[in-house]
Amino acid sequence: MAVPRLLDAGRRFKEAAGVCRIAGVSKPVAARTLDDARRWAAEGTALFLGAVAELSDAQMLEPSALPGWTVGQVIGHVAANADALGILADWARTGVEKPMYASPEAREATIESARTMSAVQVVSWFTASAEELNAKLDELSADQWQVQVTTRKGQVLACEIPWMRAREVCVHAVDLGLDVDFEDLPGDFLEALVWDICGARGLDPEQLPHGPIGEVAAWLAGRPYVLPNAPELGPWL
C-alpha cells in the first residue's frame, strides 16, 4: 500500500465540521488538563455503559472488534483496568507502592475470568470498578496528583491516571464492536488522542493524512479506518 501524501510541515490542523483539513492538532498535549481527562473518562464511561447495559449472556460470548476477544472479555478488561488504576490512586494517596497487577499472568487470568461471568455480573463489575476509581481520584490532593507511580509501561505522575482511563474507556467502547465508533467520541478527546499516539509512535502530528478526525484517530490507534492510501500502523493500545 502506498504511503499517503503528507501535508506540509508547519501547517496547522483545524477541525471543521469534524474533518481534519490540515495536519497537526489544535490542542497539544501540554494543553490537556486534569479536568479535561476526568471529563473524558466520565463521558467515555457513560458511552461504554450505554453500549453494554442491556446485553444478554449470549451477546457476551460474541466476537468483539478486537481479534480473539469476546465482547465480555473487552468489558472485563476495562473493568480490571479501573481496579488496577485504583491501585495507583491508592499509591498516590498513601505513599505505599503497589503494582497495578501482581503479574502479567494474573492480569490475563483476570481478563479471562470474564468468559465465565453472566452479562449482569460483568456489567456490574464494570460499573462498580468505575465508580470506585472515580471516588479514589476524588480523594487525591493537589500534591498527591504529582506523586510518581509506576504503570506497566513505566513511570508517570498520578495526574496521568484520568487520561489513561479516558483512553481505555473511549477506545475500548469502539472495540466492543457494537454501536460506538470513533466519531462518537468527544472531539477534543480525539484531538488529544491524536497527539498522544503520535508521540508514542514517533510521528509528526503536523504530517498526517487527510480525513475526518475519527478516522485519523482510528488509523493511529491501529483500528479499522477509511483513509485512502494510509499505511497500516499495527496495534497500539
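None of these values were measured; they are calculated from a predicted model.

Describing the packing of aromatic side chains
Then, in step 1: One pass over the structure, following the stated rule, counts four aromatic pairs.
Then, in step 2: Ring plane angle 70 degrees and centroid distance 5.9 Å describe the contact between Trp 40 and Phe 189, whose orientation is recorded as edge-to-face. Pair noted here: Trp 40 is in helix α1 (residues 34–52) and Phe 189 is in helix α7 (residues 187–201), with a separation of 149 residues, a long-range link.
Then, in step 3: Both rings, one in Trp 163 and one in Phe 189, keep their centres 5.5 Å apart while their planes meet at 50 degrees; by these two values the pair is tilted. Separated by 26 residues along the polypeptide, Trp 163 in helix α6 (residues 161–175) and Phe 189 in helix α7 bring together distant segments of the chain. Here Trp 163 matches Phe 189 in class, with each residue buried.
Then, in step 4: If you follow Arg 107 out to its NZ or CZ, it ends over the ring of Tyr 101, 5.6 Å from the centre.

Description of the environment of Glu 160
Then, in step 1: By the element assignment, Glu 160 lies in the loop between β4 (154–157) and α6.
Then, in step 2: Since its relative accessible area comes to 25%, Glu 160 is described here as partly exposed.
Then, in step 3: Between the C-alpha atom of Glu 160 and that of Leu 34, which follows or precedes it by 126 residues, the distance is 7.8 Å.

Comments concerning the side chain of Arg 223
Then, in step 1: Turning to its location among the elements, Arg 223 is positioned in the segment after α8 (213–220).
Then, in step 2: Only 2.6 Å separates the side chain of Arg 223 from the side chain of Asp 175, close enough to count as a polar contact.
Then, in step 3: Side-chain polar atoms of Arg 223 contact the backbone oxygen of Ala 221, separated by 2.8 Å.
Then, in step 4: Every residue in contact with Arg 223, bar those within four places of it in the chain, is listed here: Leu 66, Val 171, His 172, Asp 175, Phe 182, Ala 218, Trp 236 and Leu 237.

Overview of the nonpolar core
Then, in step 1: Counting 51 residues, the largest nonpolar core has Ile 75, Phe 182, Phe 189 and Leu 193 as the members making the most contacts within it.
Then, in step 2: Among the elements of the structure, α1, α3 (71–94), α5 (119–138), α6, α7 and α8 are those that each provide at least two residues to this core.
Then, in step 3: Judged by nonpolar contacts, the second largest core, of 17 residues, contains Ala 82, Leu 133, Leu 137 and Ala 158.

Parameters at a glance
- Residues numbered from 1 in each chain as written.
- Predicted model: local features only at pLDDT ≥ 70, side-chain atom pairs only at ≥ 80, totals over all residues.
- Heavy atoms only, no water.
- Phe/Tyr/Trp six-rings, centres within 6.5 Å; stacked < 30°, edge-to-face > 60°.
- Helix = DSSP H or I, 4+ residues; strand = E, 2+ residues; numbered from the N terminus.
- Buried < 20%, exposed > 50% of the residue type's maximum accessible area, 1.4 Å probe, protein only.
- Lys NZ or Arg CZ within 6 Å of the ring centre and 35° of its normal.
- Polar contact = N/O pair within 3.5 Å; in protein donor to acceptor, adjacent residues only side chain to side chain.
- Contact = heavy atoms within 4.5 Å.
- Core = buried A, V, L, I, M, F, W, Y, C linked by side-chain atoms within 4.5 Å.

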